[in-house]
Amino acid sequence: VLGAIMAGWGSNSKYSLLGGMRSAAQLITYEIPVGLAIVGVVMLTGSLQLDRIVAAQQHLWFFIPQILGFVAYLVAAVAEAQRTPFDLGEAESELVAGYHTEYSSFRFALFILAEYVHLILESALAVLLFLGGWAGPVLPPLFWFILKTGALIFFMVWLRATMPRIRIDQLMSFGWKALLPLSLANILVTGILQISHL
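Conventions we followed
Residues numbered from 1 in each chain as written. Predicted model: local features only at pLDDT ≥ 70, side-chain atom pairs only at ≥ 80, totals over all residues. Heavy atoms only, no water. Helix = DSSP H or I, 4+ residues; strand = E, 2+ residues; numbered from the N terminus. Rg over C-alpha atoms; globule rule 2.2 N^0.38 Å. Buried < 20%, exposed > 50% of the residue type's maximum accessible area, 1.4 Å probe, protein only. Areas by Shrake-Rupley, 256 points an atom, 1.4 Å probe, with all protein chains shown as cover. Lys, Arg positive; Asp, Glu negative; His and termini not counted. Charge placed at Lys NZ, Arg CZ, Asp CG, Glu CD. Polar contact = N/O pair within 3.5 Å; in protein donor to acceptor, adjacent residues only side chain to side chain. Contact = heavy atoms within 4.5 Å. Phe/Tyr/Trp six-rings, centres within 6.5 Å; stacked < 30°, edge-to-face > 60°.

Chemist: Teacher, can you tell me more about the overall build of the protein chain here?
Modeler: Regarding its fold elements, the protein chain presents eight helices and zero strands. Reading the helices (α) and strands (β) of the protein chain from amino to carboxyl end gives α-α-α-α-α-α-α-α. Taken over the C-alpha trace, the protein chain has a radius of gyration of 18 Å; the compact-globule value for 198 residues is 16 Å, and the two agree within 12%. Considering only C-alpha atoms, the protein chain reaches an extent of 55 × 40 × 30 Å along its principal axes. Residues counted as buried form 41% of the 198 residues belonging to the protein chain. As displayed, the protein chain offers around 10700 Å² of accessible surface, 73% of which is attributable to carbon and sulfur atoms. Considering the protein chain, the positive charge centre built from 10 side chains and the negative charge centre built from 11 side chains are found 2 Å apart.

In structure tokens form, the structure reads like this:
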């Protein structure tokens, strides 16, 4: 959030500053559902350690009992990575190219590199939290982890090629009125199921 605002402000352009503020609002809106989606997984495992979360998924991957949390996480992760249809910080038709309008050469390359690193990180975290991590039959664990992560990256790149961009009011409304209640409902259902199993 701070990086997007500082990049927009540092370029000394009104349009870049508006793009940075729009990106910051989007990141805040979708960071909350990502955090709440992870809470359901933590409730099931009782741990924040990723190796314990993966070990708890040996018999059943968490995307099945945590389908609400998985959907909320996946949509919010796409929005956080500012991929289409949620790339309003870089909406070329409205704000030139967002907060990195005035940057070129190596600085621009760092912005694009950060976008793809964010995409890989969000996909790898989804694999660890919901898709069984590195567990899989026969083949080495590293192969399964790379395969699952690559499949999620392919899905997010495929979304960019197929989905139209939405408006900023739809973007913010969807985050606060759809994903946040979905994440909270996931926590509520998980809590009820945890209590009923006691």
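Chemist: Could you clarify how one ought to interpret the side chain of serine 123 in this entry?
Modeler: Tracing the backbone shows serine 123 in helix H6 (residues 105-130). By relative accessible area, which is 0% here, serine 123 ends up buried. A distance of 2.9 Å separates a polar atom in the side chain of serine 123 from the backbone oxygen of leucine 119. Not counting residues up to four positions away in its chain, the partners in contact with serine 123 are Thr149, Leu152, Ile153 and Met156.

Chemist: Can you help me understand the environment of leucine 152 in this one?
Modeler: In this structure, leucine 152 sits in helix H7 (residues 141-162). With a relative accessible area of 8%, leucine 152 lands in the buried category. For the pair formed by leucine 152 and isoleucine 192, sequence separation is 40 residues and the distance between their alpha carbons is 30 Å. Each residue touching leucine 152, except ones within four places of it in the same chain, is listed here: Leu74, Ser123, Ala126, Val127 and Leu131.

Chemist: Hey, could you run me through the packing of aromatic side chains in this one?
Modeler: Both the distance between ring centres and the angle between the ring planes are used here to describe each pair of aromatic rings. Counted under the stated rule, the structure contains six aromatic pairs. Consider the rings of tryptophan 61 and phenylalanine 63, whose centres lie 6.2 Å apart with planes at 55°: the pair is tilted. Within the aromatic cluster, the residues linked to one another by ring pairs are Trp61, Phe63, Phe70, Tyr73 and Phe130.

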